[in-house]
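# Architecture and fold: a report
The primary structure of each chain is shown beneath.
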Amino acid sequence: MAREFSTVGVVGLGTMGAGIVEVFARNGIDVLAVEISESALERGRAILTGSTDRAVAKGKLAEADRDALHERVRFAVGLDALHSVDLVIEAVPEHLDLKQRIFAELDRVCRPDTILATNTSSLSVTEISVATTRPNQVIGIHFFNPAPVMKLVEVVRTVVTAPEVVADVEALCARLGKVDVTISDRAGFIANALLFGYLNHAVAMVESHYATREDIDAAMKLGCGLPMGPLALMDLIGLDTAYEILDTMYRRGGRDRRHAPVPLLKQMVTAGLLGRKSGRGFYTYQRPGSPVVVPDEATPPAAEAALADGARAITKVGIVGSGTMATGIIEVFAKAGYEVVSVTRGAEKSATVCEAVKTSLNKGVVRGKLAEADRDAALGRISWSATLDHLADVDLVVEAVVEELSVKKALFASLDEICKPGVVLATTTSSLPVVDVAMATQRPADVVGLHFFNPAPVMPLVEVVRTIRTSPEATATARAVCAALGKTGVVCGDRSGFIVNALLFPYLNDAVKMLEASYSTADDIDHAMKLGCGYPMGPFELLDVVGLDVAVAIQRELYLELREPGFAPAPLLEHLVTAGYLGRKTRRGFRDHSHR
Ligand SMILES: NC(=O)c1ccc[n+]([C@@H]2O[C@H](COP(=O)([O-])OP(=O)(O)OC[C@H]3O[C@@H](n4cnc5c(N)ncnc54)[C@H](O)[C@@H]3O)[C@@H](O)[C@H]2O)c1
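To start, this report covers the structure provided alongside it. Numbering of residues starts from 1 in each chain and follows the order in which that chain's sequence is written. Residue-level local features of this predicted model are given only where pLDDT is at least 70; pairs of side-chain atoms are given and counted only at 80 or more, and the full residue set underlies all totals for whole chains, interfaces and linings. Excluding hydrogens and water, the side-chain values take into account all heavy atoms of the structure.

### With respect to the sheet that holds strand 6 (residues 138–143)
Strand pairing is defined by DSSP finding a minimum of two bridges between the two strands. A run of H or I in DSSP counts as a helix once it spans at least four residues, and a run of E counts as a strand once it spans at least two, with each numbered from the N terminus. Pairing is mixed across the open sheet formed by eight strands, whose spatial order is 3-2-1-4-5-6-7-8. Where the open sheet ends on each side, the last strands, each with one partner, are strand 3 (73–77) and strand 8 (179–184). For this sheet, the mean angle separating the axes of adjacent strands, direction not counted, is 25°. Two residues form a contact once any of their heavy atoms are found within 4.5 Å. Every angle, taken between N-to-C directions, lies between 0 and 180 degrees, and every axis is a line fitted to C-alpha atoms, over only the stretch in contact when it is a helix. In this fold helix 2 (residues 38–57) packs onto strand 2 (30–35) and strand 3, with an angle of close to 155° to the strand it touches most, strand 3.

### Considerations on the pairing of strand 2
Only protein chains enter the accessibility calculation, which uses a 1.4 Å probe. A residue is then buried if its area is under 20% of the maximum for its type, exposed if over 50%, and partly exposed in between. Among the six residues in strand 2, five count as buried, and that is most of the element. As judged from the five bridges shared by strand 1 (residues 7–11) and strand 2, these two strands associate in the parallel manner. By the bridge assignment for strand 2, Val10 is matched with Ala33. Handedness of a crossover is defined as follows: with both strands directed away from the viewer, a clockwise route from the first strand across the helix to the second makes it right-handed. For the segment spanning strand 1, helix 1 (residues 15–26) and strand 2, crossover handedness is right-handed.

### Focus: the packing of aromatic side chains
Ring pairs shown here join Phe, Tyr and Trp side chains whose ring centres sit within 6.5 Å, with only the six-membered ring taken for Trp; geometry is labelled stacked below 30 degrees between planes, edge-to-face above 60, and tilted in between. By the definition in use, this model includes five aromatic pairs. Where Phe24 meets Phe143, the ring centres are 6.3 Å apart and the plane angle is 70°; that geometry is what we call edge-to-face. One end of the pair, Phe24, is in helix 1; the other, Phe143, is in strand 6, with 119 residues separating them in the sequence. Exposure class is identical for Phe24 and Phe143. Each is buried. Plain terms: the ring middles of Phe540 and Phe590 are 4.8 Å apart, the flat faces sit at 65° to each other, and that makes the pair edge-to-face. Linking Phe540 in helix 21 (residues 539–546) with Phe590 in the segment after helix 23 (571–578), this pair joins segments that are 50 residues apart in sequence.

### Structural notes on the site of the ligand
Nearness is judged by heavy atoms alone; a residue qualifies as near a molecule or strand once a single heavy atom is within 4 Å of it. Of all residues adjacent to the ligand, which total 25 residues, the nearest are Met16, Glu35, Glu94, Lys99 and Ser121. The side chain of Glu35 places a nitrogen or oxygen atom 2.5 Å from an oxygen atom of the ligand. Taken together, the elements giving at least two residues each to the shell around the ligand come down to helix 1, helix 2, helix 4 (96–109) and strand 6. Here the nonpolar group is Ala, Val, Leu, Ile, Met, Phe, Trp, Tyr, Cys and Pro; Asp, Glu, Lys and Arg are the charged ones; every other residue, Gly included, is treated as polar. Residue composition of the shell around the ligand, by class: eleven nonpolar, nine polar and five charged. Two N or O atoms count as a polar contact when they lie within 3.5 Å, although within protein this holds only if one can serve as hydrogen donor and the other as acceptor, and sequence-adjacent residues are included solely when both atoms are side-chain atoms.

### A few points about helix 4
Each residue after the first adds 1.5 Å to the expected span of a helix. When the terminal C-alpha atoms of helix 4 are compared, their 20 Å separation across 14 residues agrees well with the 20 Å that a helix rising 1.5 Å per residue should span. Residues of helix 4 that are buried include every one of Lys99, Ile102, Phe103, Leu106, Asp107 and Val109, and no others. One side of helix 4 holds all its buried residues, which, seen down the axis, span an arc of 165°. Away from the buried face of helix 4 by more than 90 degrees, exposed residues Asp97, Arg101 and Arg108 are located. Here the buried face of helix 4 lies against strand 1, strand 4 (87–90), strand 5 (115–118), helix 5 (125–129) and strand 6. As used here, the arc is the angular range of directions from the helix axis to the C-beta atoms.

Geometric values such as these leave the question of function open.
So this is what it looks like as C-alpha cells:
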C-alpha cells in the first residue's frame, strides 16, 4: 500500500514553487505554502492566482474548481508552520548552503516520518540530504516549468534514499497525473543535463552577434518544432536560476566548458535582467511576470521596413540540381509566383524532376490545399533546361547540387561567367563553408547561403547565411525572398551547422553519451525530453529518423571546426554506424524498426 499524502508543504513560492502548489491543490491535496516574508508570500499568491485565473479564462478550469483549489492552500511565513505535513518540497533559489540550512531546519521542525524533497535542478540531493538526520527520507522531486503543464517529474534517489520512499513518491506522481522517471543523483539529471549545454550555446550565439535572439528562437521553433526558442526559454526559467544551474553543472559535471556560463549571462543577472519574472531578460515583457513580449530597442523592424535595406527585385529564379532539395525548391518558388528556370544535367533528369514536382503539386490538389488552376499556373511558370546558359537573365540562382566542394566551386565559377551583374547567387549547402563557394566567383558580395530544410515545400524555415564578404543588399534580398515564399528566413554567420544543426546535434550526441554511460535508458531519455521540455520527439527517436550516419557526419564537422572536446562524436554513435545500424532507413538504429 502506497502511503497517503494528505498535506504537503511547499517552501519557496517563486517560478517553480507557486506552480508546484497549484499541482498539488488541483489534485485534491492540502498545501501549506511557505515563504521567507509577507511580501514574498504575496508575490507567490499572485503567481498562483494569475495562473489559475488564466486557466479559467482559457476554459481549462471551472470557476468552482479554482475556488476549491484555493481553499486547499494555506499560506505562512517561516518553516515552523510545517510541523505536521506528510511531505515537504523545497523550491528556494539554487544555492547549496541555503538548501542545506533549510533542510536542517525542516529536519528539526517536521514529524520524524515526513519525507523531505528538493526541487533542485543541478545540486547534489545527497549533499542536501546529509544536512538532516534522516537522509534515507530525502529525495529529489524535480518538476518542470511550468509545473502545472509539463507532465514529467524526475524522481532522484540517492544511495541512501529508502526504497519505500521512492515507491511512495512514484505513486504520488501518478496521482498527480505526472509521468516520472527515476534516476540517480547526477548533475542536471536527464533533461537539464541535455538542455543546458544547448541553452548556453544559444546565449553564446547572441553574445557573439552570430544571429539575433529572434532568429535563433525562430530557427529552433520552426526547424525543430520546439515549443519555444532557447532564449525565450531562458527568460522563462529565470536567468539567475539558469546561471546557478550551469555553474553547478560545470563544477559537478566534469568541467565541460559548454556548461561554463557564458559571460553575458552573468552580466545580465548582475544588471537585474532575470527574464520574465523581472520583466526583462533576453526579451522585454509587458510587466514583471507577464508572458507578453513587447518591442524594445533590439526588436527588428517589420518586414516592409526591412525592404528599404536595399533588397533587390526578384522575378526570375534559376534552380540548379535534380535531387530532393532542388525538386522541393523548384516547387516552392513556382508556387509562390516566381518564374523558374530549372537546370539539370540532362533532359532525362529534367523529366524526372518535372514528374516529381507534378506529383507533389497533385497531392496538394487532392488534399484540397491547392486549386487545380494554381497547380497549372505553377507548372506553367517552370521552364526546363540542361544548360546553365539559360540562367543569363535570372535575378537569383539557387544551387542545390551534390554536397561536394569541388563541384559547387566549379558551378559557381560558371555562374559567375554566365549570370548578369547584380544577381544573388545562393547555395543550399548544409555543411560546406559558404565563403569557399563565394570565392570561386569574382562577386563574393553577391553570394549567400539559403539553407532550406527537407521537405522544402513543408518546412517553414530557411537559414540565410551571410559570409564575411556578403553585402547587406544580398542578405536583405535573400530575406525578402524567404518572406515572399511564405517562409521565415533567419540570418546567421557562416559557421558549421549554421543555427539549427549547431544547436541540435550536440544535444543529440550528449543523449547518446548519457545512454552510453548507462545513466538512463533510451525510453526514459526520450520521455524526459518530450514530457519535460515539450519536444516533439525524443533524441533517440529523432536520431533514428535523421540517420545515425548523418548525425555522425555533422557532429564531426562541428568538432573539427570548433575543436570543442564536448562535441566529439559519442563512440556508441560511431559504433552503431560502423555496424550498419543507421536508423529507420536500415530498419535498425537505436531501436529495431523491422516490425513497423
Ligand atoms: N526555474 C525553472 O525553470 C526551474 C525548473 C525546475 C526546477 N527548478 C529549481 O527550483 C528551485 C527554485 O527555482 P525558481 O526558479 O523557482 O526560483 P525563484 O527565484 O523564482 O524562487 C525562489 C523563491 O524562494 C523563496 N525563498 C528564498 N529563501 C527562502 C527561505 N529561506 N524560505 C522560504 N522561501 C525562500 C524566494 O522568496 C523566492 O520566492 C531551484 O532549486 C531551481 O533549480 C527551477
